[in-house]
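# Structural overview
What follows is the residue order along each chain.
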Amino acid sequence: MPRCTRCNAPLSATPPGGDATTPDEPPAPPWTSSPQGPVLWEAQGPSDQLPPGQPPPSAPPSSPPPEYTTPMPPSSDETSTLLSPEPWAVPPVGPSSSEPAIWQPPAPPKTSRVPYFLVAAGVVLLLGLALGIVFWPSGSGTSADPASGGGGPSAQQTQDVVPESGTPSGDLDGQAKAVDALLAEMGTTRSDLGSVVVGGCQRSGLQRILDARRAQLEKARALDVTALDNGEQMKDALVRALEASSESNRRYLDVAPGCPSDSEVIDVNQRASDAKNEFIGYWTPIAQQAGLPARTADDI
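What you see is a predicted model; the values in this text were computed from it and never measured.

## Side note on the packing of helix α2 (residues 172-198) against helix α4 (residues 231-255)
- Where α2 contacts α4, the axes come no closer than 13 Å and their chain directions differ by 20°. With respect to their mutual orientation, α2 and α4 come out roughly parallel. In the packing of α2 onto α4, the handedness of the crossing is left-handed. Of the residues in α4, those touching α2 at Val179, Leu182, Leu183, Met186, Leu193 and Val197 are Met234, Leu238, Leu242, Asn249 and Tyr252.
- Along the lines of polarity and charge, the residues of the contact of α2 with α4 split into 10 nonpolar, 1 polar and no charged.

Structure follows, in structure tokens:
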């Protein structure tokens, strides 16, 4: 019996005048109920053909048909809420949005060269101070002899005093007695000056006083005071006192005969008094140590 080449159906069942190539109706959906019940699908092939006149074999008992439920359409009372898209559903924005940002350590701070420059400057400064201390000249200078001769006043000379260091060495008693003898001469000259002033400041008497002061100044500069405590400071104060006294005597001699006014000699007399008081401060403990008489600024 001829069969269809597509569905293998016998062509004898085609009604007269019909089209054997008309496609069959599509099967009904599984959830629709069929009045005829479930359809059993059976494979057909050449071996399934039965000889004419032979009844077909009975179908095996079928299981109850599955229940299919038709989904209910949404009710008009229901409301729908739009949810935000999932993070992975949002399209990336920008070149770096496709991947999460990776933490990176911050860049190291830039170092400045200023601290190194300050350290180098400090080292150079300390080195310079050390060299200055090592090579600084030591000792004290002495004032020059004031110019003598002519009619001009002698200029006051000053000197830098450097404190003595170390233990005093030498003959303490001998050096102290030499200073005390010079102080006695200065006291005698001071008394003589008082007599000359009372006598009207005559030139001869003032010249004698000035010569004595200059001789005493030279002796003071030549004193050896290495064995005395603060000997150099004491000697410097004594030299300055004699320089100021000599300058005062020169001013007296410049206006002689007659005495100058107090305003003409007040500055130089004040310098002499200040230097004498400084000297007495150094000399008093030395005189006590050497057993010599104490003196005041008015005694010299």
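## Topic: the pattern of salt bridges
- Tallying each qualifying case throughout the model produces 10 salt bridges.
- The salt bridge partner of aspartate 267 is arginine 251, with a shortest N-O separation of 2.8 Å. Taken together, the positions of aspartate 267 in helix α5 (residues 262-290) and arginine 251 in helix α4 put the pair 16 residues apart, joining distant regions of the chain.
- Taking the relative accessible area as the measure of exposure, arginine 251 reaches 21% and is therefore partly exposed.
- Overlapping salt bridges bring together Glu247, Arg251, Asp267 and Arg271 as one network.

## Describing α2
- If you check α2, its first and last C-alpha atoms are 40 Å apart, about what 27 residues at 1.5 Å a residue would give, namely 39 Å.
- Listing the buried residues of α2 in full gives Gln175, Ala176, Val179, Asp180, Leu182, Leu183, Met186, Gly187, Thr189, Leu193 and Val196.
- Tucked inside the fold, the buried residues of α2 contact α3 (203-221), α4 and α5.
- Of the residues flanking the start of α2, the one acting as N-cap is aspartate 171, its side-chain oxygen 3.4 Å from the backbone nitrogen of aspartate 173.

## Quick look at the side chain of asparagine 249
- With respect to the element layout, asparagine 249 can be found in helix α4.
- Exposure remark for asparagine 249: the relative accessible area of 2% places this residue in the buried category.
- Setting aside residues no more than four positions away along its own chain, asparagine 249 makes contact with Leu193, Ile209, Leu210 and Arg213.

## Concerning unusual backbone geometry
- Cis geometry is adopted by the peptide bond preceding proline 257, which originates at alanine 256 and carries an omega value of 0°.
- Along the chain, the position of proline 257 falls in the loop between α4 and α5.
- Unlike most non-glycine residues, asparagine 230 shows phi in positive territory, near 55°.
- Looking at the secondary structure, you find asparagine 230 in the loop between α3 and α4.

Rules of the game
Residues numbered from 1 in each chain as written. Predicted model: local features only at pLDDT ≥ 70, side-chain atom pairs only at ≥ 80, totals over all residues. Heavy atoms only, no water. Axes fitted to C-alpha atoms, helices over the stretch in contact; angles between N-to-C directions. Helix = DSSP H or I, 4+ residues; strand = E, 2+ residues; numbered from the N terminus. Parallel < 35°, antiparallel > 145°, perpendicular 65-115°, else oblique. Left-handed = near helix turned anticlockwise from the far one by under 90°. Contact = heavy atoms within 4.5 Å. Nonpolar A, V, L, I, M, F, W, Y, C, P; charged D, E, K, R; others polar. Salt bridge = Lys/Arg side-chain N within 4 Å of Asp/Glu carboxyl O. Buried < 20%, exposed > 50% of the residue type's maximum accessible area, 1.4 Å probe, protein only. Expected span 1.5 Å × (residues − 1). Polar contact = N/O pair within 3.5 Å; in protein donor to acceptor, adjacent residues only side chain to side chain.

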